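# A closer look at the structure
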Amino acid sequence: MAETAVLAAGFIDLTPEGVNIHCGEALLLDGGRIAGFVAERDLPDEITRIAFPDAFCLPGLVDTAFLPGLIVSETGARPETYGQSAWAAKGAADRWLSSGVTTAASMGGAERLDFDLSRCVLARKLSGPRIVPALSPLVPTGAAKFHRLYGVREVSGRDDARRVARELIKQGADRIVVYADVPLEFHPDPFETSRHRLAFSADELAEIVMQAAQAGLFVHAQAISSKAIDVCITAGVRSMGCAFGLSEAHLPLLAQKGIALAPNLALGATISELGPGAGFPAGAVSMVAAQRIRPDLLLQAHEAGVQIICGTNTAFLAGDVARECLELHRAGLGPADVLRAATGHAAHALRPSPDFGAFRRGWAADMVITRRNPLEHVEGIGEVHAVVSGGEVIRG
Amino acid sequence: MDTLIRTSTLIDGTGAPARHGWSLLVRDGLIHQIGPDADFAGAEAAVIDLTTGVIVPGFLDVHTHFCYIHEAGFQQSAQHPNRAAMLLAGADNAAEWLHQGVTSTRLVGTPFDMDIELRSVVRGEKLPAPRMACAGRMMTMVGGRRNAWDFMKEEINGADEARRWTRAHLGRGADLVKLYCTTLLEENVADYLARALALPDDAPDPGRWSSLTVEEIRAVCDEAHKVGRTVAAHVAPTFGIKLALRGGVDTIEHGTVLDDECIELFLQTGATLVPTLSVMHYQMTHGDALGLPPVFTEFARRRWDSQVSMLRRAADAGVKIATGTDAIIDGMQYYDEVELLVDAVGLAPMDALLAATRNGAGALGMAGEKAGTLEPGKFADLVQLNGDPLADIHHIRDIMTVVQGGRVAAVPDRASGRGHRGHHG
Ligand SMILES: [Zn+2]
């Protein structure tokens, strides 16, 4: 028997078949999980009602690229130690949740920070989205200086890849994140992307993918150059981020292998806006701002059947999922596809059988309540009225 | 701009009687001048009016652990002690203690040096918290870790190793060194307590113990004292107290089983005793709720009377006693420790107040040079109480305002009961 009913002007239910807007219906919740839709007039009197009569309700947003270790804190300080990272991440987790993100997949954190945070959220010691920990992201040997606070681990060779993947799985990683190619130095010219990069080979990545698959986990790769994208496709990662070097030739392969694409557009957009004042080296700012997937390719990828997913991948205060949605919309995706990228598609890129990201019976009661209908106004995703996480109402 | 704090009744924590109609001029967080109101006529300063109630120095808790996580299941579920949870708990507990009027603390042993991390976050983010002197992880002898979850201690063997470890630890940012001087080697503690209970009070301790050597302790004290840091010694049976005092430690933590020779050694060395009565009292009175086996509670009860009478004897002999809560249990309060000194030990309210303020300053080492009393050059850390603690010590829990560094740091909501550990869940 359901204990709570959520009422709204409309529930935006994105199924693989299409978009259902439930009007005049209530969503029943039981023990923090979804119990199903029922007509409002059939609601029993005694049930607790949470009513948002003028607002729209969509599934909680999913960020596939949350960077807990690198978040700049509210005072603008860049963290140097575990404790400072943890404190900054506490603020970020709270902001992410308030902005409607109810699941955030970590890109990794030094010294198990993302794992610790994920358990703090579960134990309700921390207000934030459900965190999917990756522990240490993997980089090719030599690239460790890339970002100390990611807690990256260097890998070389197939045996090493197997050992490290096994260790991460044992230590509690919920997915594995690899940086397929890493710059030796920041280069201001975006067309230099295929040079000066340490990169994994396909058999190293394939070994990681295989070990992860045995444990029921997915591998996400950040890949920059065209060659690294080839390697990730060959190895069969589940999702790929950045992908600046993407070309037409990659699209059918991505679709065929079911590799989701997280273009991380908000990252470049936010960095361009903030500029060097945000504390990044000027070369890095111009590089990151200039580097993005060719805008026309994103729509082509979508039309070729590639799943597009949302990932913020930003260390800034508010490079949020709403911004990512807006950028996807600007690149040509329709509102329903943008919402799928931010909910169901993203959830399915994190776990083989997720229990969040859609209004499905038995799944987590995670939702965002917005004033405007995001199917009519994509920017409405950022105008959060309230957030429900595991059945608990959090004001936006 | 200077701040002028106006008071009506003020106890400065030096042992002097209460002053009436005095003010304090605060400059850069320190007391610049203190004296009768007339001395400050025409002073250009922002005024904080604390002319109701009684002003006392901010309290010192010289034995606490803000970052402990008490739910073993939570830590074990992760197969890993969760440092983020320790940091979050630490920030909450620190804020609670400040609300209870505690403006300076010693954190006496924290896994992974998370107290040092907490201190840096508190400073960087300007979080509400007492001043913190941090011990980081503890040092003990080889074999001093007794179970798999005992991850907060590091083991040394020999004076050279003790010296090397101490230097390295001070280099990591520790403000004091916490020594776990004695370790009970009994696998079955309940069985050991049952055996002890069967013996007369004055019988020697029936347990098997391991301890640091006096040379090891001396090496630690030598290195710490060179750089103005102090050494705190966790000790259990009587022999451990004597060992630690002969080694030159600055404070004895718990020190539950004193004898006359111990008292003599305290007086010779000038060391401070931090009896942590409230944690023992809490376990004794809440044993069932805490899920302790009955023998623990029985043992604590049996010991209690002799402990408090020896403590009284030590105080009367002139041993310096300071308040430390060892507040590791949700529900404990700082005030309990001070009140027990009066209600159970029988100290005069003024002596209990001095234990809560002046007496702890030395234990803080360098960090305590400016803490504990309201005198020129000291921190402008003070508490406004809604009643005279010298008339009734229980007034210390009736806090109106907490001032730290000359600024209002907390105005506890006295009706809400804020100030309990674990209040935020
Ligand atoms: Zn303790």
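Residues numbered from 1 in each chain as written. Chains lettered and ligands numbered in written order. Predicted model: local features only at pLDDT ≥ 70, side-chain atom pairs only at ≥ 80, totals over all residues. Heavy atoms only, no water.

Once that is clear, we can look at the overall build of chain B. Summing up its helical and strand segments, chain B has 14 helices and 20 strands in all. Relative to a compact globule of 425 residues, whose C-alpha radius of gyration would be 22 Å, chain B shows 21 Å and is just as compact. Its C-alpha atoms give chain B principal-axis dimensions of about 70 × 40 × 40 Å. Nonlocal contacts in chain B, meaning residues at least 24 apart in sequence, comprise 69% of its contacts between residues at least 6 apart. (Helix = DSSP H or I, 4+ residues; strand = E, 2+ residues; numbered from the N terminus. Rg over C-alpha atoms; globule rule 2.2 N^0.38 Å. Contact = heavy atoms within 4.5 Å.)

Let us look at the domain arrangement of chain B. A common way to state how big an interface is: give the accessible area lost once the parts meet. Residues and elements named next belong to chain B. Domain boundaries in chain B define domain 1 (2–57 + 372–410) and domain 2 (59–368). The partner domain 2 presents 26 residues to the 25 residues of domain 1 that form the contact. When domain 1 packs against domain 2, the two sides together hide about 2200 Å² of surface, and 66% of this comes from carbon and sulfur. Contact with domain 2 buries surface across domain 1, with Ile393, Ile396 and Arg397 losing the most and accounting together for 27% of the total. Along the contact surface separating domain 1 from domain 2 lie three salt bridges. The salt bridge partner of Arg131 is Asp381, with a shortest N-O separation of 2.7 Å. If you look at where domain 1 meets domain 2, you find nine residue pairs in polar contact (both at pLDDT 80 or more). Looking at the side of domain 1 that touches domain 2, the elements that each hand over two or more residues are strand E5 (45–57), strand E19 (399–404) and strand E20 (407–410). Its residues assigned to classes, the side of domain 1 that touches domain 2 shows 15 nonpolar, eight polar and two charged. (Domains from an automatic or database assignment. Buried area = accessible area lost by both parts, 1.4 Å probe. Salt bridge = Lys/Arg side-chain N within 4 Å of Asp/Glu carboxyl O. Polar contact = N/O pair within 3.5 Å; in protein donor to acceptor, adjacent residues only side chain to side chain. Nonpolar A, V, L, I, M, F, W, Y, C, P; charged D, E, K, R; others polar.)

The full count for this structure, using the stated rule, is six aromatic pairs over all chains. For the pair B:Tyr192 and B:Trp209, a centre-to-centre distance of 6.4 Å together with 85 degrees between the ring planes defines the contact as edge-to-face. Placement of the pair is B:Tyr192 in helix H5 (residues 189–197) and B:Trp209 in strand E13 (residues 209–211), with a sequence separation of 17 residues. Seen from the ring of A:Phe115, A:Arg112 lies directly overhead, with NZ or CZ sitting 4.7 Å from the centre. Lying over the aromatic face of A:Phe218, A:Arg238 brings its terminal NZ or CZ to 5.3 Å of the ring centre. (Phe/Tyr/Trp six-rings, centres within 6.5 Å; stacked < 30°, edge-to-face > 60°. Lys NZ or Arg CZ within 6 Å of the ring centre and 35° of its normal.)

Looking now at the sheet that holds strand E7 (residues 102–107) of chain B. All names here are of chain B. Strands sit in the order E6-E7-E8 across an open sheet of three strands; the sheet is parallel. Each having just a single partner strand, strand E6 (59–64) and strand E8 (131–134) make up the two edges of the open sheet. Here the strands of the sheet are splayed against their neighbours by 15 degrees on average, with no regard to which way each runs. By the bridge criterion, four bridges tie E6 to E7 in an arrangement that is parallel. For Leu60, the partnering residue across the bridge sits in E7 and is Ser104. (Pairing = 2+ DSSP bridges. Axes fitted to C-alpha atoms, helices over the stretch in contact; angles between N-to-C directions.)

Quick look at the environment of A:Glu17 now. One can find A:Glu17 in the loop between strand E1 (4–14) and strand E2 (19–22). For the pair A:Glu17 and A:Leu265, spaced 248 residues apart in sequence, the C-alpha separation works out to 27 Å.

Moving on to the sheet that holds strand E8 (residues 130–132) of chain A. Residue and element names in this part refer to chain A. Ordered in space as E6-E7-E8, the three strands form an open sheet in which the pairing is parallel. At either margin of the open sheet sits one strand with a lone partner, and together these are strand E6 (61–66) and E8. Strand-to-strand twist of the sheet, defined as the mean angle between neighbouring strand axes without regard to direction, takes the value 20 degrees.

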